[in-house]
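Examination of the molecular architecture
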Amino acid sequence: MKLFATYKYASLIVPYYSLTPLFLLSFSLSLSSILVPERQISENKEAKLLKMGLYSLITGRRGPSGFGSATTAEEVTQGIDATHLTAIITGGAGGIGMETARVMAKRGVHVVIGARNIGAAENGKAEILRQNTNARVTLLHLDLSSVKSIRAFVRDFHALHLPLNLLINNAGVMFCPYQLSEDEIELQFATNHIGHFLLTNLLLDTMKTTAKTSGVEGRILNLSSIAHIYTYKEGIKFDSINDICCYSDKRAYGQSKLANILHANELSRQLQEEGVNITVNSVHPGLILTNLFQHTALLMSKFSLCFPHIISFKFSLLFVLIPIFTGFLKFFSFYLWKNIPQGAATTCYVALHPTLKGVTGKYFADCNEVTPSKLARDETLAQKLWDFSVKLINSVSKKNYLGFEDTI
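Sequence order as written defines the numbering, with residues in each chain counted from 1. Selection of residues for local features in this predicted model requires a pLDDT of at least 70, selection of side-chain atom pairs for listing and counting requires 80 or more, and totals for whole chains, interfaces and linings are taken over all residues. Neither water nor hydrogens contribute to the side-chain values; these are computed over all heavy atoms in the structure.

1. Remarks on the overall build of the chain
Each helix and strand counted, the chain has 15 helices and 8 strands in total. Expressed as a percentage of its 408 residues, the buried residues of the chain come to 55%. Two residues qualify as a contact provided that any one of their heavy atoms is within 4.5 Å of a heavy atom in the partner residue. The long-range share in the chain, meaning contacts at least 24 apart out of those at least 6 apart in sequence, stands at 77%. Roughly 18,500 Å² of accessible area belongs to the chain as shown, and the carbon and sulfur atoms make up 58% of that amount. In this description a helix means any DSSP run of H or I spanning at least four residues, a strand means any run of E spanning at least two, and both kinds are numbered starting from the N terminus. Three exposure classes are used, based on accessible area relative to the maximum for each residue type with a 1.4 Å probe and protein chains only: buried under 20%, partly exposed in between, and exposed over 50%. Exposure was quantified through the Shrake-Rupley algorithm and a 1.4 Å probe, taking into account, for residues, occlusion by the shown protein chains and nothing else.

Structure, rendered in structure tokens:
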């Protein structure tokens with residue numbers, strides 16, 4: 001029965017993580033740790049949504065927006081003139097972040113890329129300029145796991161005296177072995193949520209001013225993931241964020257992705273109450289062919305170094321065969337994976353498409369609005385996360401999240 005439930009769930013979640021990576025993760029990491037408990041399968045509404053997503057992904061069927069899983073970022077922005085816009089994109093040194101920057105620059109946006117790896121960002125910028133000599137691309141260093149780096153990035157951006165219309169919180173880390181950031185916060189939560197939470201709040205006044213003076217709607221996007229449904233039982237471990245005893249790299253990732261949606265929803269609510277002309281949404285980019293197993297490989301190498309007597313020849317051979325088997329499965333399930341241009345489509349759609357004017361507090365996948373998990377729709381949890389994030393940053397910097405002396 002348990003095995004049946006496992007495969008039943010795997011068949012439902014295919015549109016976002018696909019059966020292939022689920023199988024590979026369960027095969028190489030552990031079968032039970034990545035999959036959602038059977039009790040969560042009973043949420044019929046979410047199961048129905050995932051089944052619909054599977055059909056859409058495999059067939060490429062377009063949704064109500066006119067776009068679908070096979071649509072590329074260039075397609076969703078075709079004909080859009082965005083020369084009047086300035087955007088910040090975090091994690092734009094490669095992958096879907098770089099593709100988002102490339103396409104936006106092609107549509108005329110002045111793109112400011114925040115990247116930890118400036119060397120890789122320089123290479124990406126050179127490629128963008130090679131394809132489009134009129135592109136406007138600015139690079140600034142940004143390490144989202146560091147409060148100090150985030151504040152330095154904001155100072156550097158303000159020194160450019162640019163307006164800010166779009167903020168795309170794209171950067172993130174995934175399935176990291178347990179470690180703390182330099183501010184002593186669990187790394188996935190620090191990078192994926194706290195870093196973007198602080199960055200967004202430090203840039204919010206600039207966005208409000210830009211929206212008011214230009215009359216152009218500002219847009220904020222948080223890149224989340226369908227992985228937000230696989231988190232800790234309480235959703236966010238407020239009382240034990242840094243607890244190593246019950247740490248799960250996958251649940252911690254899901255927790256951070258849930259936090260991305262809750263952050264977007266609460267900020268959207270606050271801005272609506274203020275009557276500010278800025279929308280806030282979250283998106284799931286889809287399953288992209290990227291280096292999903294980098295941390296797994298690291299753990300394997302450390303394990304073999306620490307316990308060489310345990311690693312038999314046959315066991316070592318298994319690790320050699322895993323990537324071969326991975327490639328085999330990828331070849332026969334190619335229709336379940338998105339390439340990078342397709343992975344950047346939902347971000348570009350929500351950021352630039354005119355039909356989404358005024359749409360806020362929503363969650364998108366495959367360029368269409370979908371319903372996130374029950375926890376992601378919990379307004380009380382979102383408000384609690386907001387207050388927790390402010391206090392956590394206060395405790396790190398001894399200042400409040402807007403940079404003034406802490407009065408708490």
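2. Digging into the confidence of the model for the chain
One rule of thumb: low pLDDT means the predicted coordinates there are not for detailed reading. Residue-level confidence of the predictor, termed pLDDT, takes values from 0 up to 100. Of all residues in the chain, 71% have pLDDT values of 70 or greater, and the mean over the chain is 81. The model gives residues 299-315 a pLDDT under 50, and that stretch makes 8 contacts with residues more than four places away or in other chains.

3. Considerations on the packing of helix 10 (residues 249-274) against helix 15 (residues 379-397)
Angles run from 0 to 180 degrees between N-to-C directions of axes, and those axes are lines fitted to C-alpha atoms, restricted for helices to the stretch in contact. Across the interface, helix 10 lies against helix 15 with an axial gap of 9 Å and an inter-helix angle of 95°. Judged by the inter-axis angle, helix 10 sits roughly perpendicular to helix 15. From helix 10, A259, L262, H263, E266, L267, R269 and Q270 reach across to helix 15, where they touch L381, A382, Q383, L385 and W386. Amino acid classes used here: Ala, Val, Leu, Ile, Met, Phe, Trp, Tyr, Cys and Pro are nonpolar; Asp, Glu, Lys and Arg are charged; the rest, including Gly, are polar. Of the residues assigned to the contact of helix 10 with helix 15, the class counts are 7 nonpolar, 3 polar and 2 charged. The labels follow the angle: roughly parallel below 35 degrees, roughly antiparallel above 145, roughly perpendicular from 65 to 115, and oblique for the rest.

4. Considerations on the sheet that holds strand 2 (residues 110-115)
Strands qualify as paired when DSSP identifies two bridges or more between them. Read from one edge to the other, the open sheet built from 8 strands follows the order 3-2-1-4-5-6-7-8, with strand pairing classed as mixed. Of all strands in the sheet, those with a lone pairing partner are strand 3 (136-141) and strand 8 (368-370), marking the two edges. Here the average twist between neighbouring strands, direction ignored, is 25°. In this sheet, strand 5 (residues 218-223) lies alongside strand 4 (residues 166-169) in parallel orientation, the contact comprising 4 bridges. Counted as the bridge partner of N169 is N222 from strand 5. On top of the sheet, helix 7 (residues 118-131) reaches strand 2 and strand 3; it is set at about 180° to strand 3, its chief contact. The strands that helix 14 (residues 345-352) touches are strand 4, strand 5, strand 6 (278-284) and strand 7 (363-365); relative to strand 5, the one it contacts most, it runs at about 160°.

5. Some words on the pairing of strand 6
If a strand is regular, its side chains alternate between the two faces of the sheet. Extensive coverage of strand 6 is indicated by the burial of 7 of its 7 residues. Judged by which residues are buried, strand 6 turns out to be covered on both faces: I278, V280, S282 and H284 on one side and T279, N281 and V283 on the other are all buried. Assessed by its sense of winding, the connection that carries the chain from strand 5 through helix 10 to strand 6 is right-handed. Where strand 6 meets strand 7, 3 bridges bridge the pair, whose relative direction is parallel. Bridge pairing links V283 to F364 in strand 7. By the criterion used throughout, a crossover qualifies as right-handed when its path from the first strand across the helix to the second strand runs clockwise, the strands pointing away from the viewer.

6. What about the environment of Q131?
With respect to the helices, strands and loops of the structure, Q131 is situated in helix 7. The class for Q131 is partly exposed, based on a relative accessible area of 45%. On a C-alpha basis, the gap between Q131 and K106 in space is 8.7 Å, while along the polypeptide they are 25 residues apart. Engagement of the side chain of Q131 in a polar contact is seen with the side chain of R102, the distance being 3.3 Å. Counted as a polar contact is a pair of N or O atoms within 3.5 Å, where, for protein atoms, one must be capable of donating a hydrogen and the other of accepting one, and residues adjacent in sequence contribute only when both atoms are in side chains.

7. Things to note about the nonpolar core
Soluble globular proteins tend to pack their nonpolar side chains together in the buried interior. We call a set of buried Ala, Val, Leu, Ile, Met, Phe, Trp, Tyr and Cys residues a nonpolar core when their side-chain atoms join them within 4.5 Å. Membership of the largest hydrophobic core comes to 52 residues, with the highest contact counts inside it found for I88, F189, L199, L203, I220 and I236. Those elements that place two or more of their residues in this core are helix 8 (147-159), helix 9 (187-214), helix 10, strand 6, strand 7 and helix 15. Considering every element that reaches this core, the biggest residue donor is helix 9, with 11 residues. Sequence-distant contacts of I236, that is, excluding residues within four places in its chain, are made with F189, I241, Q255, L258, A259, L262 and L385. Counting residues in each nonpolar core, the second largest holds 39 residues, with I80, V137, L166 and V350 among its members.

8. A short note on the pairing of strand 5
In terms of burial, strand 5 is largely enclosed, as 6 of its 6 residues are buried. As judged from the 6 bridges shared by strand 5 and strand 6, these two strands associate in the parallel manner. Note on strand 6: the bridge partner recorded for L223 is V283.

9. Quick word on the packing of helix 6 (residues 95-106) against helix 7
Two elements in contact, helix 6 and helix 7, have axes separated by 10 Å at closest approach and are oriented at 30°. By the angle class used here, helix 6 and helix 7 are roughly parallel. Considering the relative orientation of helix 6 and helix 7, their crossing is right-handed. Judged by residue contacts, M98, A101, R102 and A105 of helix 6 engage A121, G124, K125, I128 and Q131 from helix 7. Looking at the contact of helix 6 with helix 7 residue by residue, the classes come out as 5 nonpolar, 2 polar and 2 charged. Helix crossings get a hand from a simple test, with the near helix turned counterclockwise from the far one by less than a right angle marking a left-handed crossing and a clockwise turn marking a right-handed one.

10. Digging into the environment of Y178
With respect to the element layout, Y178 can be found in the loop between strand 4 and helix 9. A residue is classified by how much of its surface remains accessible, and Y178, at 26% relative accessible area, is partly exposed. A sequence separation of 65 residues divides Y178 from D243, and the C-alpha atoms of the two residues are 9.4 Å apart. Here Y178 is in contact with E186, N242, D243, I244 and Y247, once residues within four sequence places are set aside.

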